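# Summary of structural features
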Amino acid sequence: MEYVELLKDMWSSISNYFNYHKILNENLTTLREKRKRLECREEDINTELGDAQCNRRKKAKREVENWLKEVQHVKDSAQKIEQEAGERRHFSRLSFLSQFEANMNKVDEMLELGNFPTGILIDVHQDEGNALLTAQLIGETTAKINLENIWTCLEKGEIQSIGVWGMGGIGKTTVVTQIHNQLLENRDTFGHVYWVTVSKDSSIRRLQDAIAGKINLDFSKEEDEKIRAALLSKALQKKKKFVLVLDDVWEVYVPREVGIPIGVDGGKLIITTRSRDVCLRMGCKEIIKMEPLSEVEAWELFNKTLERYNALSQKEEEIAKDIIKECGGLPLAIVTTARSMSVVDSIAGWRNALNELREHVKGHTIDTENDVFKILEFSYNRLNDEKLQECLLYCALFPEDFKIHRVSLIRYWIAEGLVEEMGSWQAERDRGHAILEKLANVCLLERWGNGKYVKMHDVIRDMAINISKKNSRFMVKIGRNLEDLPSDIEWSNNNVERASLMGSGELSNLMFVPNWPKLSTLFLQNDKLSYLLRPTLVKGLPNSFFVHMLGLRVLNLSFTNIAFLPNSIYDKVNLQALILCSCPKLRRVGSLAKLKELRELNISDNKIETIPDGIEKLVHLKHFNWSSDSLNPNHLSNPLSNLFSNLVQLQCLRLDDQRLPDVRVEELSGLRKLEILEVKFSSLHNFNSYMMTEHYRRLTHYHVGLNVFQHFLSELYGSCKQVTVEACNLEEGKDNYGYQFVLPTNVQFFRIEECHLPTGLLDVSQSLKMATDLKACLIARCKGIEYLWSVEDCIASLNWLFLQDLQSLRVLFKLRLSDIVSCSSLKSLYVSYCDNLKHLFTPELVKYHLKNLQRIHVGNCRQMEDLIVAAEVEEEEEEEVINQRHNLILCFPNLQSLTLEYLPELKSIWKGTMTCDSLQLTVWNCPELRRLPLSVQINDGSGERRASTPPLKQIRGQKEWWDGLEWSTPHAKSIFEPTLDSFETDENPSTSWIYYASFMNDVRDIFEDVCFDSGRM
């Protein structure tokens, strides 16, 4: 064993011998760069000390003086070793690398010490502020974290302005008051501290007066704002270091125009506001959003404020927690509610209070409107735009905590007239997103789900409903039994303009027909997640249900069990949007000829047996979504022949129904305003005919299918430029009839399944080589393909690659040694059921082409032996060169997840050592894998070995497999064991569909949503 270890040391030394010049040059460059950074920091500090000499009350701290002395020694040492680097002989330089490392570490240490977070000067001056009264911070994970984030920013010299934003009542002032008091306790570091509360109707002049009053500056006789700003700036600069807090800022006040010298001689600014936009426009370098309290923190705050002499009973505590949920983590709402409940001493009183809060009935127990909504309504009133306010109120039609799909919401707004119609759907969409951003920036909406959804805070929603109920314009009864509602209160209210009865019970036996002549929006849909468990409208609607809804513009009946539409719907001449997604019992829709104002017709995921009559009359139609998952092989009785010649205003068209014949290419190419298209062709001839028109270049998004018999997945509808090909023989790049496959060159997602392909993927279509926008590629259950491409021909833009059941695949990429980085964009790779694939990568691929890989999943490849294997060597190459290759340290700098499953022949991941910064490694059913490419000893270049930090975030594997692993050193297992998350042998950590779903989610996240989401409405 000692002999083996000796050989390892020898080969390691030989490796260093050959790589010495490269390592030396890299280290020399790094050391010079770090030394220059240290010199710059030294110069900055000396400059600041020189300026401080003008003020006798300032001097350098002792630690700064000692640091400057030490810096000189470090600089001398670094310069010396730089000079010696080129003077020593070849073999003597091996131990020289350790000296380089020691010098670089010392320079790093001095740079770190030179930050001086508390400043470099001792600043003696009079106290300029008094501590403010503030409430104790509640919770360890929200308010205190916010406080720590703000304090950290203050300690950083490069951050001169901080914006703290969040909804009214979230606790901004409380946290910043704590910061103010801490600043007063650290005057030597931060200097003078000033707090100014900005009045609601403030102006630059009034703000200048307020700041001037804090520093005893009198310029009341000066009228010119610019001169006042200059005087104020000069006075503040004389203070040198200072922190100015502006609380509750509503308007944008450019610091320079006010006279606030941020960044000059240590001046810092903190503002609190409800608008992120204010932070941005005032130039805040760090913007911190205040988040609501967690349930635990909210309960703690409620209990603390309640101040009960006796503990709550179990029943009272249950109701109290429900009340807290209604407050949505908003500290002001919680405090106000708790104070009002402090005198309630009966269970009936608690129940009544909860009912009042839920029903938004103005009462004396919880004066929510006066104490909480007053603050929140102020944000609403400050929108100063009636349409903007209406857009916000519209969001209250959705259930609490509902993720509102942004694009779907924008479509509702357009149908309602809240967003005006424009020349294109993209322009309308952009206008809608701009409105959403305005509402999110003032905390009236919250961004959610990678920015594709918004949520309305519960208390904000309560406020919106409260506003709309003042004149009875809204009726929001979600998930309620409506048959028993009194007609004189609910069904005969002439003022109702919008009604949301989402997920409500049966309406077929209503005693009264709704009399809502002003109604414009009616939500009767169910939620996708609950419609199977709790079906609605099973008995349908009364025929006369819509008779008095003369102004109806938006109707949504999606995810209900309605079997027919009431006759009274077909004469609603003002209807702009009719949405009938996923109505499984609906088999027929009557004539739509009278609905001539219709802009949106969404009949997706349906089983309707005939296309509705009268669609050709809908000359204003902009969005037509027809899709069906019906397995009926018969064609529809009235196909769409010559339909689209009348629908020239179409912007979005989705046709996904195997019962439909191919749309004529002439009709499609004639739709000049079309922006989004989803369509299928049954032959390569028709597919190519459309592509040859280049009509697709007009489109912002498309999904074109060839021979796709299955229902298109709606998850990617309208999100990118996608082509799907199924069941085609493209063995020579042509089908059985000799047609060449024409792929659009701007395709972003290429999906090909159950096809016979050429040996190399690029031979499928010549245009694939020009697909410079391709981001994702999925190839599954295809024959013939042996490799994807040569690395030199790789599609450089590709991010995601999914390969499944490719039995002829032997290698991923053909590699000809090259330094050209061709696959540098690849982030995720999924490979499964490729039984002839014996390895994935070579070291050259990893080193030059796959640096950005973040996720690798390999599963069910029965002949896979090595994940990474060195290229075959020539016979004349010496054994030491072969060993040197195998002992390379491979680096995956961005790899986050490596999953290996059901690989019965896998013997190694890599025979050398592999380093990753933060990797989660999962191994499942790989019985031959007995060694991991992880080392706890790395040669540092001088022959010495040092322990390395495990480059793993987590190892997941079966306990039996872990216990059988072999380690290079006795203590290695104990070092890595803390990262182990073991599971039982019969416990499968994942299945192939999970990785497919993960892949599809990754793909969707990189593209923009532009279409109505039938799943989240």
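One can find the structure itself at the top, above this paragraph.
Our subject in this report is the structure included herewith. (Residues numbered from 1 in each chain as written. Predicted model: local features only at pLDDT ≥ 70, side-chain atom pairs only at ≥ 80, totals over all residues. Heavy atoms only, no water.)

## Examining the packing of aromatic side chains
- Within the structure shown, the criterion is met by 20 aromatic pairs.
- Their ring planes at 50 degrees and their centres at 4.9 Å tell us that Y412 and F523 sit as a pair that is tilted. Taken together, the positions of Y412 in helix α17 (residues 406-416) and F523 in strand β13 (residues 521-523) put the pair 111 residues apart, joining distant regions of the chain. Note on accessibility: Y412 and F523 belong to one class, buried.
- Where Y696 meets Y702, the ring centres are 6.1 Å apart and the plane angle is 75 degrees; that geometry is what we call edge-to-face.
- For Y702, a relative accessible area of 2% translates into the label buried.
- The ring of W425 has R411 lying over it, and the distance from NZ or CZ to the ring centre is 4.8 Å. (Phe/Tyr/Trp six-rings, centres within 6.5 Å; stacked < 30°, edge-to-face > 60°. Helix = DSSP H or I, 4+ residues; strand = E, 2+ residues; numbered from the N terminus. Buried < 20%, exposed > 50% of the residue type's maximum accessible area, 1.4 Å probe, protein only. Lys NZ or Arg CZ within 6 Å of the ring centre and 35° of its normal.)

## Observations regarding the nonpolar core
- L522, F624, F644, F741, L840 and F841 are the most contacted members of the largest nonpolar core, which has 141 residues in total.
- Counting residues per element, this core draws most heavily on helix α22 (residues 684-693), at four residues.
- Core analysis: the second largest hydrophobic core is formed by 121 residues, L154, I323, L388 and I404 among them. (Core = buried A, V, L, I, M, F, W, Y, C linked by side-chain atoms within 4.5 Å.)

## Some words on the pattern of salt bridges
- Counted according to the given criterion, the structure contains 35 salt bridges.
- Residue K680 pairs with D656 through a salt bridge whose shortest N-O separation is 2.5 Å. On the criterion of sequence distance, the pair formed by K680 in strand β19 (residues 676-681) and D656 in strand β18 (residues 652-656) is long-range, its members being 24 residues apart.
- Residue class for D656 comes out buried when judged on its relative accessible area of 0%. (Salt bridge = Lys/Arg side-chain N within 4 Å of Asp/Glu carboxyl O.)

## Comments concerning the sheet that holds strand β8 (residues 404-405)
- Strand order in the open sheet made by the three strands is β8-β10-β9, with antiparallel pairing throughout. Taken across any chain shown, the strands that pair with only one partner, and hence form the sheet edges, are β8 and β9 (446-448).
- Sheet analysis places β8 next to strand β10 (residues 453-455), joined by two bridges and oriented antiparallel. Counterpart to I404 in the pairing with β10 is V454. (Pairing = 2+ DSSP bridges.)

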